[in-house]
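Chains, contacts and geometry: an overview
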Amino acid sequence: QTIEPSEYQKDIFRYIIKLTVDSSIVQKHIMVEAVAGSGKTFTIEQATKYIPSNKTFCFLAFNKHIVEEFRSRSPETMRKNIMTLNSAGFQDVLSALEHQKPKKYLNSSEGVDEDNVDLILNVMFKENKYKSFSNEEIDIIKPIVNDLVALFKSTMLKVNERNLIELCKTYNVNTENVEINDLISLCNDVMDFTMTILTNKWDRIDYNDQIWLPLVLNLPSLKFDFVFIDESQDLNIAKFELAKKMC
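All figures in this text were calculated on a predicted structure; none of them were measured in a lab.

A closer look at the side chain of Ser-154
Considering the arrangement of structural elements, one finds Ser-154 in helix α6 (residues 135-155). Ser-154 gets classed as buried once you look at its relative accessible area, which sits at 15%. What Ser-154 contacts, discounting residues up to four positions off in sequence, is Asn-236, Ile-237 and Ala-238.

What follows is the structure, encoded as structure tokens:
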């Protein structure tokens, strides 16, 4: 069944066509605002059909379910360019590791480990710098550091006292009975350690690292003439920066 696009959708398609032929256009980015169920994802799908064969494009979906759904309706030659932002970032990381000794976990079917920060902290609490922490203190501080590291990565903020306090207030992170300086030190050390993934023997990253590492390490990214993003209003700062890098 053929669906007749609305006038709003036709305006979007016309602008896409204009962008493909007029390189002098300054405003190359457009954002579509519409209510739920109005056909935003369908509009993107249809818009990709107006990209000429000499131009490249990718479709960044909100989750794997949408990726699989869109791929099932797309020609085989286009399917590799339909992905999530996490998948795109992970490709950047794996490409950067391509000429190095394979990392067993990263190159396995698992790929990423959501407990990666916990595993790094387990190593750090055995080092002299943090040996004074009791088991009870470690149990209290580990989930806080997990939350803060994720927030620092997603916001691309520098780890310092001012930003840490602001993040705790904004996202209701409870740091009661924990020294701010300890949190700053641990967050910095975890993130610095993660950044050495290209040169150390550690073989794991987490889902936040898929987005964060290509940015902080300035890794070469996949590049496209057109980047379509589904549910762009839900992008955090790091994801938005990675998407811009792909343009």
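Here the narrative resumes, following the displayed structure.
Considering the pairing of strand β1 (residues 57-61)
Burial analysis of β1 places five of its five residues in the buried class, which makes it a mostly covered element. Here β1 shows two buried faces, one formed by Phe-57, Phe-59 and Ala-61 and the other by Cys-58 and Leu-60. Sheet topology places β1 next to strand β3 (residues 226-229); four bridges connect them, and they run parallel. Counted as the bridge partner of Cys-58 is Val-227 from β3. Judged from the three bridges that link them, β1 and strand β2 (residues 82-84) form a sheet pairing that is parallel. In the sheet register, Leu-60 faces β2, and the bridge partner there is Met-83. Taken together, β1, helix α3 (residues 64-72) and β2 constitute a β-α-β crossover, and its handedness is right-handed.

So, the packing of α6 against helix α8 (residues 180-194)
In contact at an axis separation of 10 Å, α6 and α8 are set at 60° when each is read in the N-to-C sense. On the basis of the axis angle, α6 is oblique to α8. Seen along the crossing, α6 lies across α8 with a hand that is right-handed. Contacts from Ile-141, Ile-144, Val-145, Leu-148, Val-149, Phe-152 and Lys-153 of α6 reach α8 at Asp-182, Leu-183, Leu-186, Cys-187, Val-190, Met-191 and Thr-194.

Looking at helix α4 (residues 85-96)
Here α4 is 12 residues long and its end C-alpha atoms lie 17 Å apart, about the 16 Å a rise of 1.5 Å per residue gives. All of the buried residues in α4 are Leu-85, Asn-86, Ala-88, Gly-89, Phe-90, Asp-92 and Val-93. Contacts made by the buried residues of α4 are with β1, β2, α9 (207-216) and α10 (237-245).

Reading guide: rules and limits
- Residues numbered from 1 in each chain as written.
- Predicted model: local features only at pLDDT ≥ 70, side-chain atom pairs only at ≥ 80, totals over all residues.
- Heavy atoms only, no water.
- Helix = DSSP H or I, 4+ residues; strand = E, 2+ residues; numbered from the N terminus.
- Buried < 20%, exposed > 50% of the residue type's maximum accessible area, 1.4 Å probe, protein only.
- Contact = heavy atoms within 4.5 Å.
- Pairing = 2+ DSSP bridges.
- Right-handed = clockwise from strand over helix to strand, strands pointing away.
- Axes fitted to C-alpha atoms, helices over the stretch in contact; angles between N-to-C directions.
- Parallel < 35°, antiparallel > 145°, perpendicular 65-115°, else oblique.
- Left-handed = near helix turned anticlockwise from the far one by under 90°.
- Expected span 1.5 Å × (residues − 1).

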